Amino acid sequence: MVLGYSRIFFLSLFVAIISSFSGGSAAQNHTAFMPVPLPSQHLLESSVHFGQDAQGQVWFVTAAGLSVYRDEQFHSFRSFNFGMPIISAAILGRYALLATHAAVYQVGLSNPDLPLVVLWRAKPKLAISDTERVSRVLAPQTATKRAARQGRGVVYLQTNLGIYELALNRGSGPEQAISESKLLLSFEASTPQSMVMATKGLLTLDGALVSFFAFDESSWQSVRLPQAAKAVAEFEGILYFISDQGSVFKGDPFSWTDSSRFEQIPNSPQAQHLLSGEHTLLAQSGSQIWDMGNLNVTARV
């Protein structure tokens, strides 16, 4: 899970995210919003990426550091010096995946001070226009986390040239870099503005075009939305998108549960961002966070 918004947005969302992803009673019954103090210097930066490991601990990656929230306290482990900032990160099982524009690194969370493993590195190009640059790295949702706990599993990488599937490395050193990668999609025309995880695959958004990569079938499907969108997410087998005007729509164009047309959600906020968890779909609307499953539950940030 990634949060690249302002620090203020992060402060109010933090406990809500833990509740919605933990599977506890709070997640099953309601969404709890509570500000949490952030003593770690790493967490005071503007861009924060976070997720839960196999033990349920919440890890945070910023442009320079790695921290964990454990026993109601923050613990900072290490800083990174890649020569360029971390622009995306993901947590899968007992590993953290860190991406700069030029490479993807793997960190073992059981001992974060061990040397990094290089999962992927952009190949040098003769022309600057052909240079491959990382946009984001994503980890699958809970369906495949058992494999990650056993040291197996894959993550997904989007660059300006395509989307890749990368296998995790069970080694513990930069000399054991993985070259194994599978190209899932090559961008020959435009680059999708976003890529997000769905329960059973990947979603990409390019204006009004949404494409879905099904893990089981290893195949792509595409549908055209009724209007251009700026954000897309899947929750409980339903596709949600935010139009350029901020309206929230939902439907099931890929027949995940029961094929249905898109319809605007009545009384929904004019939203800017969607964040899908295992038990909750959240939307940011200005200074407020909304639970899309219960529009009466909000928090002000």
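Parameters and conventions
- Residues numbered from 1 in each chain as written.
- Predicted model: local features only at pLDDT ≥ 70, side-chain atom pairs only at ≥ 80, totals over all residues.
- Heavy atoms only, no water.
- Pairing = 2+ DSSP bridges.
- Helix = DSSP H or I, 4+ residues; strand = E, 2+ residues; numbered from the N terminus.
- Contact = heavy atoms within 4.5 Å.
- Axes fitted to C-alpha atoms, helices over the stretch in contact; angles between N-to-C directions.
- Core = buried A, V, L, I, M, F, W, Y, C linked by side-chain atoms within 4.5 Å.
- Buried < 20%, exposed > 50% of the residue type's maximum accessible area, 1.4 Å probe, protein only.
- Polar contact = N/O pair within 3.5 Å; in protein donor to acceptor, adjacent residues only side chain to side chain.
- Phe/Tyr/Trp six-rings, centres within 6.5 Å; stacked < 30°, edge-to-face > 60°.
- pLDDT = per-residue confidence, 0-100.

Asks: In this structure, what is going on with the pairing of strand S5 (residues 73-79)? I would like to understand it.
Replies: Residues in a regular strand point their side chains to alternate faces of the sheet. Summarising the sheet, strand S4 (residues 65-70) and S5 pair through six bridges and their orientation is antiparallel. Each residue of the ladder has a partner; that of Gly-65, found in S5, is Ser-79.

Asks: For this particular structure, what's the right way to read the side chain of Ser-194?
Replies: Here Ser-194 is to be found in strand S14 (residues 194-198). Contact partners of Ser-194, with chain neighbours within four places excluded, come to Arg-136, Gln-158, Leu-203, Thr-204 and Leu-205.

Asks: Is there a simple way to explain the sheet that holds strand S11 (residues 154-159) in this structure?
Replies: Two orientations exist for strands paired in a sheet by backbone hydrogen bonds: parallel and antiparallel. Here four strands make up an open sheet; going across it, the order is S10-S11-S12-S13 and the pairing antiparallel. Across the chains shown, the open sheet's two edge strands, defined by having one partner strand only, are strand S10 (134-138) and strand S13 (181-186). Each strand axis lies, on average, 20° off the axis of its neighbour in the sheet, ignoring direction. Bridging between strand S12 (residues 162-167) and S13 involves five bridges; their strand directions are antiparallel. Among the inter-strand pairings, Glu-165 is bridged to a residue of S13, identified as Lys-182.

Asks: Explain the nonpolar core to me, please; I cannot follow it from the model alone.
Replies: Taken as a class, soluble globular proteins show a tendency for nonpolar side chains to be buried jointly. The biggest cluster of nonpolar side chains holds 17 residues, and the ones touching the most others in it are Leu-97, Val-104, Trp-120, Val-155, Leu-157, Leu-166 and Leu-168. Of all the elements in the fold, those that place two or more residues in this core are strand S6 (88-92), strand S7 (95-99), strand S9 (117-121), S10, S11 and S12. No other element matches S7, which puts three residues into this core. Those residues in contact with Leu-97 that sit more than four places away from it in its chain are Ser-88, Ala-89, Ala-90, Leu-92, Tyr-105, Gln-106, Leu-119, Val-137, Val-155 and Leu-168. Grouped together as the second largest cluster of nonpolar side chains are 16 residues, Trp-59, Leu-66, Ile-91 and Val-107 included.

Asks: Which parts of the structure should I look at to understand unusual backbone geometry?
Replies: Working note: non-glycine residues mostly have negative phi, and peptide bonds are mostly trans. Of note in this structure, Glu-236 is not a glycine but carries a positive phi near 55°. Tracing the backbone through its elements, the reader meets Glu-236 in the loop between strand S18 (229-235) and strand S19 (238-243). In this structure Glu-236 comes out as exposed when scored by relative accessible area, which is 60%. Backbone geometry places Ser-255, a non-glycine residue, at a positive phi of 55°. Considering the arrangement of structural elements, one finds Ser-255 in the loop between strand S20 (248-252) and strand S21 (260-264). Judged by its relative accessible area of 43%, Ser-255 is partly exposed.

Asks: In this structure, what is going on with the environment of Phe-249? I would like to understand it.
Replies: Counting through the fold element by element, Phe-249 comes out in strand S20. Residues Phe-249 and Arg-261, spaced 12 residues apart in sequence, show a C-alpha to C-alpha distance of 9.9 Å. Those residues in contact with Phe-249, other than ones at most four positions away along the chain, are Gln-227, Leu-239, Tyr-240, Phe-241, Ser-243, Phe-262, Glu-263, Gln-264 and Ile-265.

Asks: I'm lost on the environment of Asp-252 in this one. Help?
Replies: Counting through the fold element by element, Asp-252 comes out in strand S20. Look at Asp-252 and you get buried, because its relative accessible area is 0%. A C-alpha to C-alpha distance of 7.2 Å links Asp-252 and Phe-262, two positions 10 residues apart in sequence. Asp-252 has contacts with Gly-237, Ile-238, Thr-257, Asp-258, Ser-259 and Ser-260, leaving out every residue within four places of it along the chain. Within polar-contact distance, the side chain of Asp-252 engages the backbone nitrogen of Ser-255 at 3.1 Å. Here Trp-256 takes part through its backbone nitrogen, which lies 2.9 Å from a polar atom of the side chain of Asp-252.

Asks: How should I be thinking about the packing of aromatic side chains in this particular structure?
Replies: What characterises a pair of aromatic rings is the spacing of the ring centres plus the angle enclosed by the ring planes. Using the criterion set out here, one finds 11 aromatic pairs in the structure. Taking the centre distance of 5.8 Å and the plane angle of 45° together, the rings of Trp-120 and Tyr-164 count as tilted. Of this pair, Trp-120 sits in strand S9 while Tyr-164 sits in strand S12, placing them 44 residues apart in sequence. When sorted by exposure, Trp-120 lands in the same class as Tyr-164, which is buried. The interplanar angle of 15° and the centroid separation of 5.1 Å between the aromatic rings of Tyr-156 and Phe-215 together place this pair among those described as stacked. Placement of the pair is Tyr-156 in strand S11 and Phe-215 in the loop between strand S16 (209-214) and strand S17 (219-224), with a sequence separation of 59 residues. In this structure an aromatic cluster arises from ring pairing among Tyr-156, Phe-213, Phe-215 and Trp-220.

Asks: Even after reading the chapter, I still don't get the confidence of the model for the protein, so can you show me in this structure?
Replies: Low-pLDDT stretches of the model should not have their predicted coordinates read in fine detail. Residues with a pLDDT of 70 or more make up 71% of the protein, whose mean pLDDT is 75. Low pLDDT, under 50, characterises residues 1-40; the predicted model gives this stretch 99 contacts beyond four residues in sequence or across chains.

Asks: Is there a simple way to explain the sheet that holds strand S15 (residues 201-206) in this structure?
Replies: Taken together, four strands build an open sheet; the order of strands is S14-S15-S16-S17 and the sheet is antiparallel. A single partner strand is all that each edge strand has here, and the edge strands are S14 and S17. Pairwise comparison of adjacent strand axes, ignoring direction, gives a mean angle of 20° for this sheet. By the bridge criterion, six bridges tie S15 to S16 in an arrangement that is antiparallel.

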